[in-house]
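Residue strings, one per chain:
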Amino acid sequence: MRAEGIETVRRILCVFPRYTSSFGTFEYAYPLTDGVQAFMPPQGLLLIAAYLPEHWPVRFIDENIRPASQEDFEWAEAVFVSGMHIQRQQMNDICRRAHAFDLAVAIGGPSVSACPDYYPSFDYLHVGELGDATNDLLARLARDPSRPEQQVVLKTADRIAMTDFPIPAYELADVKRYFLGSIQYSSGCPYQCEFCDIPGLYGRNPRLKSPQQIIAELDKLLACGVTGSVYFVDDNFIGNRKAALDLLPHLVEWQKKTGYVMRLACEATLNIAKRPEILEKMRDAFFVTIFCGIETPDPEALKAMQKDHNMMVPILEGVHTINSYGMEVVSGIIMGLDTDKPETGEALIAFVDETKIPLLTINLLQALPQTPLWDRLEREGRLIHDEGRDSNVDFRLPYEQVVSSWRKCMEIAYQPERLYARYQYQCDYTYTNRIKVPVTPEQKSWANIKRALIMLRNIFWKIGVLGDYRKVFWKFALGRLRHGDIEGLIASTMIGHHLIMFARDASEGQQNASNYSIRLREASVPAE
Ligand code: SF4
């Protein structure tokens, strides 16, 4: 559905802010691609763009691709911005630039919904999800697009059901410039992990779109030119297991019909390993990756953070079970927990070697507003508001010790030999469990072959010839070439390159240790 009952016409400029460099946005991989410049199309802003009255002209600018220009601001009558905490500075900067053109600026999304006081300069704060606040904002702009005398805060009390959400305006985004496609089926999570703001922001009872909406969205993504990988940005794909089971047969049918043009990925809790009926259907729907917030291999720590559900099955067994359905596990890991000991770093490296998970996002604990962790640390006087620090948590262990342990873990985990050994394991024991998908006309098209050739040329030149870990690379690459696995070669080496380069920066202290943006929440829908 769209906003209705508005007769005036307003030109809306939607601007998505730049990300600061982050482990989870893979920017070191971009120069190896055929022109990727940004991570994922932002679901939230594209949803709002689709919800605007049909006769309102709208422009969408992702500043990760190009900055909003003078001409864009001169064209617009109002500006909409959305993003996560990590994009706070950039959002405030967009507001400043828009005000230079005397434009009213509205901000929505997860950051302002959790922390309205981060954004004192904006004219309109849209707090909460798509709903009555959105309609109020549009009605106000329709009446008068000029800047209000003082800030107006609009809070959603009555949310629009996700079944009434329009399809995000993917057509406004230059989808070929993104590393991944994105889509969202559900919002919210039934668990209450201490550090997580999802249940507080989006609720514990997951809200859902219908399978038919998802199929229509996939059709639209495909029509817009998205092929390759598409990420379900749901907070927890199995937050409502029945809903996942309802959706999966539709995905399987769609993949069969379109020739498996998309490789799917999602986030889910590790206890998915106890659900073979779900895993089987996910394999059939060509899910190839699951991000699991394993957080720590330490059972005592899992208990303390109220993530006991990770222990429903032994972690190693859970990872291997998921692998046996052809899906690679990507894992979130947190260091700096109250339960950490001086030997935690070593235990973590042993865990990485044992699970053979190639991609782990290893972050320092960061307390997010509106989480039980924040409340507890505030009570204990352990929140530190110092932008120069890598975390706002006063750790139990000395800060320097925790940060240097994090740097050491990044350095060791992403040594090229170690990383490629883990990828080799995935090739031998995980990817072989995937269904064999037919080669589609799309894959055989000249455009696709040209794309692959460009990426191979970049990879061979920049890593195979110029790279300082070329020996390790060639050992892996020749094995893939012998198996005719070009796709696997491109995917593993591109992502591997990012991990190796980012980890080097991190171990030299050039990257922040709290990349909580990695949880991919940035692309999630509702809090616009
Ligand atoms: S960390 Fe994951 S499982 Fe825990 S509450 Fe957040 S979304 Fe749910």
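Whatever comes next refers back to the structure up there.
Residues numbered from 1 in each chain as written. Predicted model: local features only at pLDDT ≥ 70, side-chain atom pairs only at ≥ 80, totals over all residues. Heavy atoms only, no water.

Novice: I tried to follow the overall build of the protein on my own but got confused; where do I start?
Specialist: When its secondary structure is counted, the protein shows 19 helices and 14 strands. Its C-alpha atoms give the protein a radius of gyration of 23 Å, within 12% of the compact-globule value 24 Å for 528 residues. In terms of overall dimensions, the protein has a C-alpha envelope of 65 × 60 × 45 Å along the principal axes. Expressed as a percentage of the 528 residues in the protein, the buried residues total 59%. Of the contacts formed within the protein by residues at least 6 apart in sequence, a portion of 79% connects residues at least 24 apart. Between the centroid of the 57 positive side chains of the protein and the centroid of its 67 negative side chains there is a distance of 5 Å. (Helix = DSSP H or I, 4+ residues; strand = E, 2+ residues; numbered from the N terminus. Rg over C-alpha atoms; globule rule 2.2 N^0.38 Å. Buried < 20%, exposed > 50% of the residue type's maximum accessible area, 1.4 Å probe, protein only. Contact = heavy atoms within 4.5 Å. Lys, Arg positive; Asp, Glu negative; His and termini not counted. Charge placed at Lys NZ, Arg CZ, Asp CG, Glu CD.)

Novice: Please explain the site of the ligand as it appears in this structure.
Specialist: Close to the ligand lie Cys189, Tyr191, Cys193, Phe195, Cys196, Pro199, Asp235, Thr269, Lys307 and His309. Among the residues forming the shell around the ligand, the class breakdown is six nonpolar, two polar and two charged. (Near = heavy atom within 4 Å. Nonpolar A, V, L, I, M, F, W, Y, C, P; charged D, E, K, R; others polar.)

Novice: Would you explain the sheet that holds strand 7 (residues 181-183) in this entry?
Specialist: To summarise the sheet geometry, strands pair through backbone hydrogen bonds and adopt either a parallel or an antiparallel arrangement. A sheet is described by the order of its strands in space; here six strands give the open sequence 7-10-11-12-13-14, paired in parallel fashion. A strand with exactly one partner marks an edge of an open sheet, and here the two such strands are strand 7 and strand 14 (360-364). Each strand of the sheet is rotated relative to its neighbour by a mean of 20°, with strand direction disregarded. Bridge analysis of strand 12 (residues 287-295) against strand 13 (residues 328-335) gives five bridges, and the strand direction is parallel. When the bridges of strand 13 are listed, Thr289 appears paired with Glu328. The strands touched by helix 7 (residues 211-223) within the sheet are strand 7, strand 10 (228-232) and strand 11 (262-267), with strand 7 carrying the most contacts at an inclination of about 160°. (Pairing = 2+ DSSP bridges. Axes fitted to C-alpha atoms, helices over the stretch in contact; angles between N-to-C directions.)

Novice: Please clarify how helix 14 (residues 399-413) should be interpreted in this entry.
Specialist: The α-helix advances 3.6 residues per turn, and as a result positions three or four apart in sequence lie on the same side. The terminal C-alpha atoms of helix 14 lie 21 Å apart, and with 15 residues this matches the ideal 21 Å at 1.5 Å per residue to within 8%. Packed against the buried residues of helix 14 are strand 13, helix 12 (344-355), strand 14, helix 15 (416-429) and helix 19 (486-507). (Expected span 1.5 Å × (residues − 1).)

Novice: I tried to follow a nonpolar patch on the surface on my own but got confused; where do I start?
Specialist: On the surface, Trp446, Ile449 and Leu453 cluster together to form a nonpolar patch covering roughly 330 Å² of accessible area. Relative to the assigned elements, Leu453 resides in helix 17 (residues 446-465). (Patch = residues over 30% accessible without salt bridge, like charges linked within 9 Å, V, L, I, M, F, W, Y side chains within 5 Å. Areas by Shrake-Rupley, 256 points an atom, 1.4 Å probe, with all protein chains shown as cover. Salt bridge = Lys/Arg side-chain N within 4 Å of Asp/Glu carboxyl O.)

Novice: Explain the nonpolar core here, please?
Specialist: The nonpolar side chains of soluble globular proteins are, as a tendency, buried together. Phe80, Phe232, Phe237, Leu251 and Phe287 are the most contacted members of the largest nonpolar core, which has 159 residues in total. Grouped together as the second largest cluster of nonpolar side chains are 21 residues, Cys95, Ile107, Tyr119 and Leu125 included. (Core = buried A, V, L, I, M, F, W, Y, C linked by side-chain atoms within 4.5 Å.)

Novice: Explain the pattern of salt bridges here, please?
Specialist: Side chains that carry opposite charge are capable of pairing whenever their charged atoms lie near each other. Counted by the stated rule, this structure contains 32 salt bridges. A salt bridge links Lys341 to Glu300; the nearest nitrogen and oxygen atoms lie 3.9 Å apart. Taken together, the residues Lys341 in the loop between strand 13 and helix 12 and Glu300 in helix 10 (residues 299-304) connect sequence positions 41 residues apart. What you see here is one network of salt bridges that share partners, running through Glu194, Asp338, Arg376, Glu380, Arg382 and Arg396.

Novice: I'm lost on the environment of Leu397 in this one. Help?
Specialist: Its location among the elements puts Leu397 in the loop between helix 13 (372-379) and helix 14. Residues Leu397 and Gln70, spaced 327 residues apart in sequence, show a C-alpha to C-alpha distance of 49 Å. Non-local contacts of Leu397, meaning those with residues more than four positions away in its chain, are made with Asp340, Lys341, Pro342 and Val402.

Novice: Before we go on, may I ask you to explain the pairing of strand 13 in this structure?
Specialist: Strand residues, when the strand is regular, have side chains that alternate between the two faces of the sheet. Across the eight residues of strand 13, eight count as buried, placing the element largely inside the fold. Relative to strand 14, strand 13 is paired through five bridges, and the arrangement is parallel. Paired with Ile333 across the strands is Ile362, a residue of strand 14. Viewed along the sheet, the connection from strand 13 through helix 12 into strand 14 turns out right-handed. (Right-handed = clockwise from strand over helix to strand, strands pointing away.)

Novice: Looking at this model, I keep getting lost on the environment of Cys95. Mind explaining?
Specialist: The residue Cys95 is located in helix 3 (residues 88-99) in this model. Separated by ten residues in sequence, Cys95 and Val105 have C-alpha atoms that sit 6.3 Å apart.

Novice: Would you take a moment to explain the packing of aromatic side chains for this structure?
Specialist: Geometry of an aromatic ring pair is reported as the spacing of the ring centres plus the angle between the planes. By the definition in use, this model includes 20 aromatic pairs. Geometrically, the ring pair formed by Phe26 and Phe39 is tilted, given 5.9 Å between the ring centres and 45° between the ring planes. Of this pair, Phe26 sits in the loop between strand 1 (12-16) and helix 1 (43-51) while Phe39 sits in the loop between strand 1 and helix 1, and the two are 13 residues apart along the sequence. In terms of burial, Phe26 and Phe39 fall into one category: buried. (Phe/Tyr/Trp six-rings, centres within 6.5 Å; stacked < 30°, edge-to-face > 60°.)

Novice: I keep staring at the sheet that holds strand 6 (residues 152-155) and nothing clicks. Help me out?
Specialist: Judged by pairing direction, the sheet is parallel, and its six strands sit side by side in the order 2-1-3-4-5-6 without closing on themselves. Lying at the two open borders of the sheet, with one neighbouring strand each, are strand 2 (58-62) and strand 6. Adjacent strand axes in the sheet meet at a mean angle of 20°, parallel and antiparallel pairs treated alike. Where strand 3 (residues 78-82) and strand 4 (residues 104-108) come together, five bridges link them in parallel fashion. Directly across from Phe80, in strand 4, lies its bridge partner Ala106. With respect to the sheet, helix 3 is in contact with strand 1, strand 3 and strand 4, its orientation differing from that of strand 3 by roughly 175°. Seen against the sheet, helix 5 (residues 132-143) touches strand 1, strand 3, strand 4, strand 5 (124-127) and strand 6 and runs at an angle of roughly 145° to strand 6.

Novice: For this particular structure, what's the right way to read the side chain of Asp197?
Specialist: With respect to the helices and strands, Asp197 occurs in the loop between strand 8 (186-187) and helix 6 (198-202). Not counting residues up to four positions away in its chain, the partners in contact with Asp197 are Leu368, Pro369, Gln370 and Thr371.

Novice: Before we go on, may I ask you to explain the packing of helix 17 against helix 18 (residues 470-482) in this structure?
Specialist: Relative orientation and spacing of two packed helices are given, respectively, by the angle between their axes and the distance between those axes. It is at 8 Å that the axes of helix 17 and helix 18 come closest, and there the two elements cross at 140°. Considered as vectors, helix 17 and helix 18 are oriented oblique to each other. In this structure, helix 17 uses Ile459, Phe460, Ile463, Gly464 and Val465 to contact helix 18, whose residues at the interface are Arg470, Phe473, Trp474 and Leu481. (Parallel < 35°, antiparallel > 145°, perpendicular 65-115°, else oblique.)

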